[in-house]
Amino acid sequence: MTKANSSAKKEVPTSVKGMQDIIGEESYAYSGFYEKASEIAMYYGFKPIETPILEKEELFTSGVGQDTDLVEKEMYSLKTKGGDHLVMRPEGTAPIMRAYIEHGMQSWTQPVMLYYKGPFFRHENPQKGRTRQFQSFGLEILGTPKAIADATVIHTTMIILKEAGLQNLVLNINSIGDRECRPKYVKELANYYKKHLSELCVDCKRRVKENPLRLLDCKNPKCQVIKEGAPSSVTHLCDECRSHFKEVLEYLEALNIPYRINNNLVRGLDYYSRTVFEITEETYEDVPAMEAEEKPEAKGGKKGDKNVKESEIVAVSLALGGGGRYDYLAKNLGSKKDIPAIGVGLGVERIFMTQGYKRMDPRIIKHPKVYFIQLGTHAKMRSLNIIEILRNARIPIAQSLAKDSLGSQLSAAEKNKIPYAIIFGEKEAIDDTVIVRDMNTRSQETVKITELAKYVKTIK
Ligand code: HAM
């Protein structure tokens, strides 16, 4: 660097676009949510797993699919000095299947039920509910094709969302078939779209040839009318897939979970087979009756269905979570055998944005009722020992040990609305006592250090 360069005015560093710092109270909200979600998952039999942030690029190109937005446009890829192509994990399912295969979990008692949490990275256009680094909580059940696993994942997810305060939840569900029936359906879908080729967006024109199922994912307004008339996968299911789907729906009915069969739901990732679903919290807008009349069918439900919501309203919503079966992912990743599996991923920021969300504090966070104040060299020297006595008695404190004056420490206690102060000065250090001050009444009591923990527990 030249002298001129080094003296040039430096720009103050900021965080990367679409990525946020999570500080203080907000960080507690994340920990509180994760603690509650993990606890619920554990009660249902899920065990924790943590996979690395960086994975090999081919895990997602082979696992999630070359032609998905996620792989095509949204991955943070990097090349290491050694020439490896790595990716900041954009999602959790492929890494978990990788871990299952790598650690020989086939030999464990099946199915293997796992939950995970943490940051994920997608290079998307930042907007409401869409960031480049986001937090997600996921559940996966690997090693079974049984419909009860689908129901367990959906049920556990609904419980987590309800415990977080969410109320107007809607479950959109579909079955996209398996390797027996899907090819026929995909062919019919492509034939239908070919008839509308000139009306399609550029991406869809390509999808007709390369990956017709992705046509149903298209968000371009140009393609929506055509999408509504497209053949549905549920009417093309083979007997096995149909009875699997029916069984999943029966479990949901038995669990009192309302659902909407959504024919256009295929999800944006290529690894899905059979069940796919998404959960939204719907906020409603009034629309003219005529328009509303059309909505239940447009959403894929039949009017009059017991479990299909009907109303004079339309839904405005962002998916809070989504998932499905991925029975063929293992083979795509090189496993000799299929490993049938199902899971879900929840977007924590989106949950926080909902109307119903109620913040939860993590158990470890206690709002301190005492502020520790020290005065003088001897007292400061022994301060950390007294805090340790209180910690052993599970009494959290607030403090500003770096401050010296009584006034500045008392005003910090007042500012933080802490009801009691423990004052430890030179005299108290000699006497092995402290002064406990009621910040409201300003009354004070001298307490022996050996009695302090017991005393603090009795004050209200
Ligand atoms: P996904 O639908 O791509 O599924 O992501 C799961 C959830 O993460 C979404 O429903 C959404 O709430 C949240 N999310 C996704 N992208 C963003 C973003 N850019 N900003 C904020 N939130 C976001 C999966 O990732 C699958 N792995 C789910 C799964 C598990 N399927 C089977 N098992």
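Trainee: I'd love a proper account of the side chain of Glu124, names of residues and values included.
Mentor: Inspection of the secondary structure puts Glu124 in the loop between strand 5 (112-121) and strand 6 (133-142). Of the polar contacts made by the side chain of Glu124, one reaches the side chain of Arg130; its length is 2.9 Å. If near-sequence neighbours (up to four positions away) are discounted, Glu124 is found in contact with Glu74, Arg130 and Arg132.

Trainee: Tell me about helix 17 (residues 449-458), and please be specific about residues and values.
Mentor: Along helix 17, the residues that are buried comprise Ile449, Leu452, Ala453 and Val456. For helix 17, the angular spread of the buried residues around the axis is 95°, confining them to a single face. Every exposed residue of helix 17 that faces more than 90 degrees away from the buried side is listed here: Thr450, Lys454, Lys457 and Thr458. Buried residues along helix 17 sit against strand 14 (370-374), helix 14 (377-392), strand 16 (420-424), strand 17 (433-438) and strand 18 (444-448).

Trainee: Could you give me a rundown of the domain arrangement of the chain, with the residues and numbers involved?
Mentor: Assigned domains within the chain: domain 1 (25-181 + 237-293 + 310-353) and domain 2 (370-458). Centre-to-centre, using C-alpha coordinates, domain 1 lies 49 Å away from domain 2.

Trainee: Tell me about the site of the ligand, and name the residues and values.
Mentor: Near the ligand lie 25 residues; those nearest to it are Glu91, Thr93, Glu124, Thr131 and Tyr272. Here an oxygen atom of the ligand sits 2.9 Å away from a polar atom, N or O, in the side chain of Arg122. A distance of 3.3 Å separates a nitrogen atom of the ligand from a polar atom in the backbone of Val344. Contact with the protein chains hides 94% of the accessible area of the ligand, taken as 660 Å² for the molecule alone. Of the residues contributing to the shell around the ligand, the split by class is 8 nonpolar, 10 polar and 7 charged.

Trainee: Can you tell me about the nonpolar core, naming the residues and giving the values?
Mentor: By size, the foremost hydrophobic cluster in this structure holds 48 residues, and its most contacted members are Phe60, Met97, Leu142 and Tyr193. For this core, the secondary structure elements donating two or more residues are helix 3 (57-63), helix 4 (69-72), helix 5 (93-102), strand 5, strand 6, helix 7 (182-194), helix 8 (202-210) and helix 12 (329-332). Of all hydrophobic cores here, the second largest spans 47 residues; its members include Tyr115, Ile160, Leu320 and Phe352.

Trainee: Any details on the packing of aromatic side chains? Residues and values, ideally.
Mentor: In this description, an aromatic ring pair is defined by two values, namely the gap between the centres and the angle between the planes. Scanning the model with the defined rule gives 12 aromatic pairs in all. Between Phe33 and Phe352, the ring centres sit 6.3 Å apart and the planes meet at 85°, which makes this aromatic pair edge-to-face. With a gap of 319 residues between them, Phe33 in helix 2 (residues 24-43) and Phe352 in helix 13 (residues 348-352) connect regions that are remote in the sequence. Here Phe33 and Phe352 have matching classes, each one buried. Ring pairs connect the aromatic residues Tyr30, Phe33, Tyr34, Tyr115, Phe137, Phe352 and Tyr357, which therefore count as one cluster. Positioned above the aromatic ring of Phe120 is the side chain of Arg89, whose terminal nitrogen or guanidinium carbon lies 4.1 Å from the ring centre.

Trainee: Could you give an account of unusual backbone geometry, with specific residues and numbers?
Mentor: Looking along the chain, the bond that leaves Gln110 and enters Pro111 is cis, with omega of -5°. If you trace the backbone, Pro111 turns up in the loop between helix 5 and strand 5. Here the phi dihedral of Arg394 falls at roughly 60°; this positive angle occurs in a residue that is not glycine. A residue is classified by how much of its surface remains accessible, and Arg394, at 73% relative accessible area, is exposed. Positioned with a positive phi, Asp432 is a non-glycine residue whose angle comes to about 55°. Looking at the element boundaries, Asp432 is found in the loop between helix 16 (426-431) and strand 17.

Trainee: How would you explain the sheet that holds strand 17 if you had to name every residue and give the values?
Mentor: The sheet built from 5 strands is open, its strands ordered 15-14-16-17-18 with mixed pairing. Edge strands, defined here as strands with exactly one partner in the open sheet, are strand 15 (397-399) and strand 18. The sheet shows a mean angle of 30° between the axes of neighbouring strands, taken without regard to direction. As paired elements, strand 16 and strand 17 share 4 bridges and run antiparallel to each other. In the sheet register, Ala421 faces strand 17, and the bridge partner there is Arg437. Helix 14 contacts strand 14, strand 15 and strand 16 of the sheet and is inclined by roughly 155° relative to strand 14. Its contacts with the sheet put helix 17 on strand 14, strand 16, strand 17 and strand 18, and the angle it makes with strand 18 is roughly 125°.

Conventions we followed
Residues numbered from 1 in each chain as written. Predicted model: local features only at pLDDT ≥ 70, side-chain atom pairs only at ≥ 80, totals over all residues. Heavy atoms only, no water. Helix = DSSP H or I, 4+ residues; strand = E, 2+ residues; numbered from the N terminus. Polar contact = N/O pair within 3.5 Å; in protein donor to acceptor, adjacent residues only side chain to side chain. Contact = heavy atoms within 4.5 Å. Buried < 20%, exposed > 50% of the residue type's maximum accessible area, 1.4 Å probe, protein only. Arc of directions from axis to C-beta. Domains from an automatic or database assignment. Near = heavy atom within 4 Å. Areas by Shrake-Rupley, 256 points an atom, 1.4 Å probe, with all protein chains shown as cover. Nonpolar A, V, L, I, M, F, W, Y, C, P; charged D, E, K, R; others polar. Core = buried A, V, L, I, M, F, W, Y, C linked by side-chain atoms within 4.5 Å. Phe/Tyr/Trp six-rings, centres within 6.5 Å; stacked < 30°, edge-to-face > 60°. Lys NZ or Arg CZ within 6 Å of the ring centre and 35° of its normal. Pairing = 2+ DSSP bridges. Axes fitted to C-alpha atoms, helices over the stretch in contact; angles between N-to-C directions.

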